[in-house]
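Analysis of the macromolecular model
Residues per chain, in single letters:
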Amino acid sequence: MKKLIVDRIEADFAVCEIEEGNFADIPLKALPDGVHEGDVIKISVDTEETENRKKNINKLMNSLFTD
């Protein structure tokens, strides 16, 4: 699981340390509400939700291309 550490907040962005001294500017609207400097944010993939979305997309595609 990856972690972001909020180094500072500048305007509408959070400057986050990703790993090994690398930084990224991430829009605040993409982060949880109420995030503050020093917060640690864990990032993970929701495999269950990903599978559900794939199944729904496949159903829609099949309904479009089958008689």
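These lines cover the structure that appears in this document, whether it is placed above or below. Predicted model only: the values in this text are computed from it and were never measured. (Residues numbered from 1 in each chain as written. Predicted model: local features only at pLDDT ≥ 70, side-chain atom pairs only at ≥ 80, totals over all residues. Heavy atoms only, no water.)

Taken together, the side chains of I57, M61, L64 and F65 define a hydrophobic patch exposed on the protein surface, amounting to about 470 Å² of accessible area. One can find I57 in helix α1 (residues 47-65). Its relative accessible area of 48% is what places I57 among the partly exposed residues. (Patch = residues over 30% accessible without salt bridge, like charges linked within 9 Å, V, L, I, M, F, W, Y side chains within 5 Å. Areas by Shrake-Rupley, 256 points an atom, 1.4 Å probe, with all protein chains shown as cover. Salt bridge = Lys/Arg side-chain N within 4 Å of Asp/Glu carboxyl O. Helix = DSSP H or I, 4+ residues; strand = E, 2+ residues; numbered from the N terminus. Buried < 20%, exposed > 50% of the residue type's maximum accessible area, 1.4 Å probe, protein only.)

Quick look at the pattern of salt bridges now. The final tally for this structure, using the stated rule, is 2 salt bridges. In this structure, the salt-bridge partner of D7 is R8, at a minimum N-O distance of 2.5 Å. Look at D7 and you get partly exposed, because its relative accessible area is 39%. Given the relative accessible area of 34%, R8 is considered partly exposed.

Turning our attention to unusual backbone geometry. With a phi angle near 55°, A11 is a residue other than glycine that sits in the positive phi range. Looking at the secondary structure, you find A11 in the loop between β1 (2-10) and β2 (13-17). On the basis of relative accessibility, which here comes to 71%, the residue A11 falls in the exposed class.

Structurally, T47 is set in helix α1. Classification of T47 as exposed rests on a relative accessible area of 57%.

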